Every structure is written in structure tokens, then in C-alpha cells.
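Notes for the structure review
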Amino acid sequence: MSDREIHVFGVRHLSPMGAWQLRAFLDDVQPEVVLIEGLADADELIPDITRKATRPPIAILAYTDSLPVRTLVYPLARYSPEYQALAWAREQRAQVEFIDLPSAVFLGLQDAEFERREKLRAELRETDQEAEPSEPSQAAADASGEDDNSAAPPPAAPPPLEQPRSLYEQMAARAGEADYETYWERHFEHNRARDSYRLASYQFGAALRELEQDTPHWRAENLVREAYMRRRIEEKLADGHAPEKIVAVVGAFHAPVLTREFPAMTDEELASLRRRDSKLTLMPYSYFKLSSQSGYGAGNHAPAYFELLWEALEQNELARLPMQYLSLVTRHLRVSGTHRSTAEVIDGVRLANTLSALKGGLAPTLRDLRDAAVTLIGHGELSTVSESLARVDVGTSVGELPKGVSQTSIQADFERELSRLKLEKYKSVVRQELVLDLRENRRVKTEEAAFLDLRRSSFLHRLRVLEIGFGTLVATGQQSTTWAEKWAVLWGPENEIALVEAVLLGETVELATAYKFKTRLEKCVSIAEAADLVGDACQCGLMNSMELARRRLQELAAESSELAAVAHAAHRLGLIARYGDVRKFDPTPLLPLVEELFVQGALALHNSANCDNQAAKPLVVAMDELNKVGLEYHDRVDEPLWIERLRKLADADDRNPILSGYACAILLERGLIPNEALSREVSRRISPGVPADLGAGWFEGLSQRNRYALLARQPLWEQLGDYVSSLDDEQFRRALVFLRRAFGSFSPQEKRHIAENLGEFWGVHGDTASELIEQPLSEQEEQALGDLNDFDFGDL
Amino acid sequence: MAKKKDSAEAAPNAAATNGAMLRAPAETLYAEELAALQAADKHPRPAGWSMSPRAVLTYICGGKCGSLEITPKYIGHQRLVEIAISTLVTDRALLLIGEPGTAKSWLSEHLSAAINGDSTKVVQGTAGTTEEQIRYTWNYAMLIAHGPSHDALIKSPIFRAMETGSLARFEEITRCASEVQDALISILSEKRLSVPELVTEVPANKGFSVIATANTRDRGVNDMSAALKRRFNIIVLPTPQTLEIEIDIVRKRVQEMAANLELRAELPTEEAIEKVVTIFRELRTGQTLDGKNKLKSPSGVLSTAEAISVLANGMALAGNFGSGEVSPQDLAAGLQGSIVRDEEKDRSVWQEYLSNVLKKRGAEWRPLYNACSEHNA
């Protein structure tokens, strides 16, 4: 064997200039064998990847076929150097192979990593919660596409406020750039000089390795991978290929060490690696998904922009890119109704060029272009152009695969869940009913079986949220039962399609649901909707989503002072927290929000009560709900504040009288108004000096609660009697209208009781009074009532 | 005007002359730094500039020039300064927009001090500004005696900037009536000013540009016409990025004010500054610093400048009527004043913040919470 080295081309995955330079390099070298950093067992997918009917972005997806599900996504865009290398090899009929570890080993390593992190987290929880493990995967990930699975369970905790600066950020800072993306673009993506990319990225990789102070753990994984890649290169050389006729395309980080100075992996070492059984497939990918996973390796924050860059390279018109970018932004803005002139685009291009020159760059980077767009086209406001920028940066492209190529992980996950939950027999085109009892089944031994129905319910709810129409919730007669559910279950081909589409949201049903929640929350604008989402998340058994929903709800609630919405949300959350235990979840994170909403509601009460009777109706409900929350969680919420606010409202003369009366009723019910104070208040409110509608309105509010307590208070009726008799005819007519409404909702029995009360006061015996009331009307009385009907309601 | 040659002597003199002057222009205050930067500057200078764009950036954002430490004049948003300088390189006019107290005029003054060594060509916009103050007016005695002539012409700062190829500043441009603002349109697009009385046109020399400032709270009062807006590159100056930066700014300014105004009280403790700035930031951004809770924002601006005045006010109270040490009561009075503007609504916003956020912050915050609740009751 010779000592000559093969050609190694270091790239950044998803780098247009890398792809362009790589193709030029391959044309020059004309290798017989192209080796690519990628899952070794994905070789069989290569023909599908380069097929005519395949349209990137696509992704190679590896997943375990057993629980816990671990997945790997390896996205490929049109401008990925790897994709172009595959395409080149196909055109030139060169041999092409993936040479990174096989997926089984990757997933095995991932398993080990999760266990390690779990342990770390547990230790941290014991010592202190302060420093959440700062997700080593992001900071230490090498420039590769394999580690974008950090969203897999257990979902990452909220990132700590300040992450230590990663290797890449350090590199950028040394070059005087604010972020790594800009650094990379400025130094690598604009230079078309022959071989500049390969040589520069080689130096870059070497410098990174020098700087590297990663956790030993990640270093270890990289070393394992590199040793394996060297092993594969050795194999190729052993097959008799000349080293000059082999090109390896790998991440820049790995390029410097793929030489024969370093040992290759031995058979024993390979055998000793932990493995998980895995499956591989291709799946369609989207630019949106690609951009939302931007880390240092996996994602690409502006895929559509990079595609523009790639097209410009292909057409040899790189200099046109700034104009094209800013024109596209402007065009999009115009379509959405904001006019911007061509002159502004011209000045934007000039500004972008100057900004780039200030840093000594060859051409404006995306950051320069964006800043120019904000300054010129947005007139200084990011918000004006942010949507257009997102459209031009990210785009809406979704990849396509030929039929039958994809067997996605979410389908496998779905089947697995069905069998785990013993639901297979329901997967038929015949509609079946499924009744679930969410409570613990105490007659079975395992926990799995004891909560089978609860798990089924969560699963069906998740599918419901994903809009996969497998189960439909059937309303049961007893709405309020929290532990029973009835589902109608039915499977059809359209569900299969919906399921496959859902893989874009996440690799398993659970992940997809969590992602769906996230997007729904981002769109959610009303408090009620957010409260519903909290409930949904609880039903789906997704604690993390519930936490997100809770936060969103808090955000929305903070911005609003709408009493009805706030009170409703507080009440709803209170209920979820109270009855959540059936679903085995921990309500503690909800309680502080209940407290907050309660304070907000209490503070908003007085202002909101300044309204007309129409608007008062929902507020009565709101007050009732808040009061219930107050009673339910009296040890947690700020009840004194609520009472104080109620008193303020009860005493106020300038607020809606119904609400004032209702506040009074609540206080009365809580035993906070002594008899004499009530009498005083009643006589103050219902006195001839007060306009009849106000007095009667107040009484209406007062009488909406605890009627028995009211009925039992004789002094109150005496005052009412005095009041009625003190009115003159005209006033009486007006008052009658309101009193009639106030008493309208009383039951006949209650009315009789009132009549008896009044009768006693007027010296009529109770029985006689009822008799009088129940007697049919005499002609004269009918006449009097008829007169009343002529009453002019116009001024009310 | 700055003396470019003898600035070495000017720096020590500055202290002496500043004694009587309430505030010296930037080019006088920082003459030494400007001279050092100009001397060390190796990069090409655009026409009319006294130093290169990179040197201007160093002057504004701080750094090193040989052995001399350049103090940062504008802390936090270096990128915005880069955009501002690039704008002036491209001969576009620059418009700085921001809430009151976001250092718009400060930045504009230092930009022109660095680029031209002269920050004094200023039009101070008000509702009473007329078109003559932007273009030119006449010495009427001479006009009547000799008729229109170059000698009778009284040039506006913008006119002078065009002649000398330098920067003119236009403060508070949106306070001026729209028709007055529009006098700038043709000046900025054609870069010439016609004087029909003298049958002539004055072309602007290379290096001429305008830096205007405007207040976001003025929006809708005298909106700039679309035509005029189009001639500006617009930069919105944000409030300080992080708590630390804002605390730095506040601490520095409070010290300066205390010395200047001879407030007879001890400087507020680091803790007090942090608390005030925290409250301001949280209410301004409408969320708690940890980002976990959203809050309502009151109607006021709550700028850094106001946080400074709350602390200075607290010192004045403590010095004249209190123990000489800034107590929570002294701060509470100031906080109440700057937060509760539009009586009812702000009061409940403040109350909500007090009971949902401050109350839960534990013993350290308790005295301030109590004092504020008392004031807000």
C-alpha cells in the first residue's frame, strides 16, 4: 500500500459555495470513488436520493424500531455539498458511499448520551436547580447534520439565560464578527477563487481543533466517528483504488484528521460499540423545518436565501444577489400592501455594500442585507419588513419524494402505540365505540395496565390535536364527569395521509403533538384560546406543552384587562388544577398563574364595572367565577384584595348598579355585611331620591345570589315595602318595570315567600296574601295592568 | 469650534473653560481622543471627513488608539453605529428615531464631532421653526440699503454645511411643521440650494449630509412626508440592551449629576440602582427580566433618563429632608411619579406589578414594596 493521501474536501453542511467549489473540484480530480460523511447503512437510499422525481429538501431519517424512540435526521438541500456530490457521482457514474458510523451505532451512542444527561440532570436537581445543564449538544456539536435530535424526549429544559460562548462564536469573535453565521458567510460563501474553499476550510477545521475545549464526552464521539471513517477509507484503498482517485467529503472539523497518521478503527473496537436496531428511510423536508433547527451544524437559518446564493453561483451572477434579495423583499412588501420604491432598493444595495466594505468583505452578507432592508425598506422598523424578510430568508419550499419511498418513523410509532395500547382492533374502516375510564384500574397488577385507559385517552387526544381523524370524542350525557370518556373510532386512508404529513411536525406522535402545540400557541391571540390549550395539553398528557401554554396564557393575560376573559381563564385553570389528578399530572405550576390572574381580575373589577346593563351580564358571570376561585384557593390567592375591591364596588354609586348590587350580594353571602349595614345600604339605594332604574337595578344585582338568605331577612322587605309606598304614580310605574325584571327569575315558590314577607309587613296574613295572589284577576285589576302596558319604555 | 492643531493644550484647558460653561461641545471635551485617532488613522478618508469610518467607529464605541484608551460614547449597539456611519459614507441623510432619552442627540453630536470636528451646525426644531431657518434669511438693513447681495445673506447652519462640505444636524425634526420640514426635500435630493433673489444656486460640497433626530412619541404630530422620509436612512435607537449596560449608564450619570448639582446625600447603593433599573426595565419591556412573566406597561416612557432622575430625586429628598441616605421611601416617591402618569390606568398597572411581581421577590425587596404600596394606595 502506498503512503499517499486521498483527497479530503472539508465542507460545512448546507453551504452553497461549498457545493459549488466541490463540484468544480470533482470535475478537476475526476475521482473513481466519492466518500461522503453520512450514515454508512444509508447507501441503499442513494438511488432514491438522486432520482429525477426527488426534489430536495429531503432528509434521511434513522429511527429505532423499539421504545424509547431515538431518531436521527440528516437533511439535504439542493445546495448541500453532499447532495451535489451524490448528483455528480451519478452523472459521472462514479462509485459513491457513505462512510460515517452506521445508524445503529449512532442511535446507540445517542441512548448512552441521554442516559448520561438524565443522570447529570438528576444530580443537578439534587444539588441545586440553578445551573441547568447547558445542553452540551448544541455548543459542542461539530459541523454536522446528525445532532438535530435534541428536541427528542425528554424535551430540553428552557435554555439558561447565558450560554457559554461556543467554539464557533469564539472563532467569529476573533475575526471581529458578531455571530458565527456572518463570519462563515463573509469568509467562505463569497470567495470563488479556485480551491479557496477547500484550503480555507481545512485551516478552519485545524484551528477549531486547536481551540477545542469541548467536554471530553463529545470529543470522544467525534474521535469514534473519525476512526471509523479512516477505517472505511482504508478499506477503499485496500480494494485497490488509487488514493488520487478518491475524494472524501466531510465536515470541515474532521478534514484534518482523515490521514494515515492516525489509526483506523479495529474490528474489535467496532464490535464493542453499543447498538440499537434501527430503520432508515427518506422523508420530505421543508425549508421552514430546516430554518427552525438552526444550530451550528444541523440547520440553516435562511435556506431560501442560500438557495438564491446557489442559483446565483450556478448562473455565474453572484454580484446580482444583493439586488435580487432586496428586490424580492420589496416585491413581497408591495404585495402585502406597503409601497416601497426602486430608489429605496438602490440605496439599500449601496448601504449593504458599504457595511460589507467596513468589514473588508467581498460582498454583503445576509446580515448586511437584512440591516439594509430594515434601514431603507422598513424605514428603521424591523416589524415592517420582518414578514417579508422571513419569506425571502426561509421560504416555503417543501421537498418531494417519489411514491412508496417513504416509510416514516411516525407511522411506525403509530403502529407501535396501537399495539401497546391494545387498540389494533379499532384500526378498521368500521366505526366502533370505545368507552374509557380514566381512573386507576386497581384489579390489575402492572402500572401499565392500571392506567391503560388513561394512556389511550392521551393518545387519542394527541391524534385529535394533530387533526388525524382516528377518534372523535362523543359527548356523554353527563358533561361534568372528569373520569369517563367516550370515543367513536374509525380509520380511513385519509388518516394515513394525515399521519405521513405529520412527520414534518415531529418524528413520533408525541413529538409531533408537542410541535403542533407550539405552533398553535404562537398563533394564539385570545386568553380563552390559551386556556383551552392548557386544557388540551393536560388531556394529551404533555406536561411540557402545558407549561408553554401556561406561559402564553400568562403573556396574553398580562396584556389584557378584560375582566370576563381573565376570570374565565382563572376559573378554568382552577378546575384543571383541581381535577387534573385524574390524569395524573402535577398542578403546581398552574397555581401561581391562578394567583396572578386573580389579582388581575380583582384589580380590573372596578374599572370594568363602569358599563351598561348589556355588558354587565358577562361580568356577573366573571365575578361569580373569580369568587369561586377565591373560595377554592383561599389559602393561595390574595383574598383580602378581592374583598376590598368588592367593597369598593359595593359602595360605589358611579358604577353599574347591577354589579354593585351583585358585589354586595357576594359580600353578604360571605357574611361580611352585618344586618344593620345591609339595612342602611338598602335604604340608601332604594330611596325615592334615587332614579328608579338605579335602585331597582341594584336590587336586581343583590337578589341574584343567596335568595334564601334574602328571603329570611324581614327588615329588607320592610324597606322595600316602604319604598314602594313612597313612590308617586309615575315613579311607581317606572320602578315596577325594573322590579318586575328583578323578580322575574324568582321561582313561584320564592315569589310567594316574598309576598308573604310583604304581606306580614302590611298586616295581611300570609295565607290571605297568597290567596290574593293566586286569585284570578278582576276586571278592574286587568284594566290597571292594561294601563301599565301603555307605559312608554322609550326613555329607558 | 475645535482647534485641530493645538488640541494637546486644549484638553487641559477644557476643564478650566468648562467651569463656566454648563456643557462644552463634544469636540472640545474629547479633543485629545479625536486628535490621537486622526494621527493614527491609516484607512482612507471619504471626502470631507477628518477621519476614516473605522476611526469614527472606534471613537463612538470605544477602543484603543496607541496607548490612549478611547472612552465609549455610545454603549451597547455597535451594529447601529456601523449602519449610521455607513449611511453617511453613502451621502444619504441619517435620521435617528427613538423614545425620549435614548441618546439620539448624543449620538448625532458625537458623529459630527468625529467626522467634521464640529458638532455646532445645528437647527433646533420647534413648532416655531420657519423655512428661513433651514435655508437662509436676509440682513434686512442691508437688504433695504443695498438690495439683495451675497453680503446681505444670512446663511442657515444647513447652508453653511453645504458650502463647507460637512454635516449639519437637525434636532427634533418632527416638532417642526410638515411644510417646513419639506424645505429639506430638494436640498437632500438635488444637493443644491437655489437662491432665486441672487439668480444663483449653491451646490453642496462633497461631505455634506444631514443628521436629523426625531422622537417616536411625536409620531402623528407632524408626520414626515413620504417624500422626505425616503431621503433618509432611518435608524431606530433602542433602549439599552441589558440590565448591566443600563446599570452602568445610570451609575455613571448619577455620579456625575450628584457632583454637578451638589446633592448633599450619599450615592444610592448599588442595590438601589439595580432595583430601580430592574423595575424600569421590567415595566418598559412588559415582562420580568427572566422572561417568565408578561406584564402590563404603563403609559409613560420609562427611559433610562427617567431612572436617573428617580435616583437623583431620591438623593435630593434624602439630603434635604431625610437622613442623607437614600431610603426606599425616597425612591418610592420618585417611582410613583414617573410610573403613574395617567392616573387610574397606570395606578392599577403599578399595583398589579407590585403585588404580582415585587411582593414575591422576598425580603430584600420588601421595604421597597411596602414603601411603594403605601404611595400607591
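Please refer to the structure placed before this passage.
Since the model is a prediction, treat every value here as computed from it, not as a measurement.

1. Details of the packing of helix H24 (residues 563-579) of chain A against helix H25 (residues 591-608) of chain A
Residue and element names in this part refer to chain A. Following both chains from N to C, one finds H24 and H25 inclined at 155°, their axes separated by 9 Å at the closest point. In terms of orientation, H24 and H25 fall into the roughly antiparallel class. Crossing of H24 against H25: the hand is left-handed. Along its contact with H24, which presents Leu563, Val566, Ala569, Ala570, Leu573, Gly574 and Ala577, the element H25 presents Leu591, Leu593, Val594, Leu597, Gln600, Gly601, Leu605 and Ser608. Among the residues forming the contact of H24 with H25, the class breakdown is 11 nonpolar, 4 polar and no charged.

2. Observations concerning the nonpolar core
Of all hydrophobic cores here, the largest spans 161 residues; its most connected members are Ile60(A), Phe204(A) and Leu111(B). Considering each element in turn, this core owes the most residues, 8 residues, to helix H12 (residues 303-314) of chain A. Filtering out sequence-adjacent residues up to four positions away, Phe204(A) remains in contact with Tyr168(A), Met171(A), Tyr180(A), Tyr183(A), Trp184(A), Phe188(A) and Ala252(A). Counting 86 residues, the second-largest nonpolar core is a separate cluster that includes Met546(A), Phe598(A), Ala650(A) and Leu711(A).

3. Regarding the environment of Arg572(A)
All names here are of chain A. In this fold, Arg572 is placed in helix H24. Take Arg572: its relative accessible area is 27%, and that puts it in the partly exposed class. Along the primary structure Arg572 and Val629 are separated by 57 residues, whereas in three dimensions their C-alpha atoms are 9.3 Å apart. When residues no more than four places from it in sequence are discounted, the contact partners of Arg572 are Ala531, Asp532 and Gly535. At 2.4 Å, the side chain of Arg572 forms a polar contact with the side chain of Asp532.

4. Here's the deal with the sheet that holds strand S11 (residues 232-237) of chain B
In any sheet, the strands associate via hydrogen bonds between backbone groups, in a parallel or an antiparallel arrangement. Residue and element names in this part refer to chain B. Strand order in the open sheet made by the 5 strands is S4-S7-S10-S3-S11, with parallel pairing throughout. Every other strand in the sheet has two partners, leaving strand S4 (122-124) and S11 as the edge strands with one partner each. Each adjacent strand pair in this sheet contributes to an overall mean axis angle of 15°, direction not counted. In this sheet, S11 lies alongside strand S3 (residues 93-98) in parallel orientation, the contact comprising 6 bridges. Residue pairing for S11: Ala93 is matched across the bridge by Phe232.

5. Observations concerning the pairing of strand S10 (residues 209-215) of chain B
All names here are of chain B. The element S10 is largely enclosed, with a buried count of 7 among its 7 residues. Because side chains alternate across S10, one face comprises the buried residues Ser209, Ile211, Thr213 and Asn215, and the other comprises Val210, Ala212 and Ala214, equally buried. One ladder, built from 5 bridges, connects S3 with S10; its direction is parallel. Paired with Ile97 across the strands is Ala214, a residue of S10. For strand S7 (residues 167-171) and S10, the ladder comprises 4 bridges, and the chain directions are parallel. By the bridge assignment for S10, Phe170 is matched with Ala212.

6. Thoughts on the sheet that holds strand S9 (residues 471-474) of chain A
Residue and element names in this part refer to chain A. Overall, antiparallel pairing links the 3 strands, which are arranged S8-S10-S9 in an open sheet. The open sheet has two free edges, formed respectively by strand S8 (432-437) and S9, since each of these has just one partner strand. Direction aside, neighbouring strands of the sheet carry axes that sit 30° apart on average. Sheet topology note: the S8/strand S10 (residues 484-489) ladder contains 6 bridges and is antiparallel.

7. Quick look at the interface of chain B and chain A
Many descriptions give the size of an interface as the accessible area lost when the pieces come together. Between chain B and chain A, the residue contacts involve 31 residues of the former and 36 residues of the latter. Across the chain B to chain A interface the summed buried area is about 3,100 Å²; carbon plus sulfur atoms make up 51%. Of all residues in chain B, the largest losses of buried area upon contact with chain A belong to Arg79(B), Arg230(B) and Lys294(B), amounting jointly to 21% of the total for that side. Counting every contact that joins chain B to chain A gives 6 salt bridges. The tally of links between chain B and chain A comes to 8 residue pairs in polar contact (both at pLDDT 80 or more). Those elements that provide at least two residues to the side of chain B that touches chain A are helix H4 (53-61), helix H5 (78-89), S11 and helix H17 (343-356) of chain B. Here the side of chain B that touches chain A is built from residues that sort into 7 nonpolar, 9 polar and 15 charged.

Rules used throughout
Throughout, a residue's number is its position along its own chain's written sequence, starting from 1. Chains carry letters from A onward and ligands carry numbers from 1 onward, assigned in written order. Confidence filtering applies because this is a predicted model: local features only for residues at pLDDT of at least 70, side-chain atom pairs given and counted only at 80 or more, and all residues used for totals across whole chains, interfaces and linings. To obtain the side-chain values, all non-hydrogen atoms of the structure were used and water was disregarded. Only the stretch in contact is used when fitting a helix axis, every axis being a line fitted to C-alpha atoms; angles between N-to-C directions are given from 0 to 180 degrees. Helix and strand assignments come from DSSP, with helices taken as H or I runs of at least 4 residues and strands as E runs of at least 2, each series counted from the N terminus. Roughly parallel covers angles under 35 degrees, roughly antiparallel covers those over 145, roughly perpendicular covers 65 to 115, and oblique covers all other angles. Handedness of each helix crossing follows the sense of rotation of the near helix against the far helix: counterclockwise by less than a right angle gives left-handed, clockwise gives right-handed. A contact between two residues is defined here by any heavy atoms of the two lying within 4.5 Å. Residue polarity follows a fixed list, in which Ala, Val, Leu, Ile, Met, Phe, Trp, Tyr, Cys and Pro are nonpolar, Asp, Glu, Lys and Arg are charged, and the others, Gly among them, are polar. Think of a nonpolar core as a cluster: buried Ala, Val, Leu, Ile, Met, Phe, Trp, Tyr and Cys residues, connected wherever their side-chain atoms sit within 4.5 Å. Working definition: with a 1.4 Å probe on protein chains only, accessible area under 20% of the residue-type maximum means buried, over 50% means exposed, and in between means partly exposed. Each polar contact in these results corresponds to two N or O atoms within 3.5 Å; when the atoms are within protein, one needs to be able to donate a hydrogen and the other to accept it, and residues that are neighboring in sequence are counted only if both atoms are side-chain atoms. At least two DSSP bridges between two strands are required for those strands to pair. Accessible area that two parts lose when put together, evaluated with a 1.4 Å probe and summed over both, is termed the buried area. Salt-bridge detection follows one rule: a side-chain nitrogen of Lys or Arg within 4 Å of a carboxyl oxygen of Asp or Glu.

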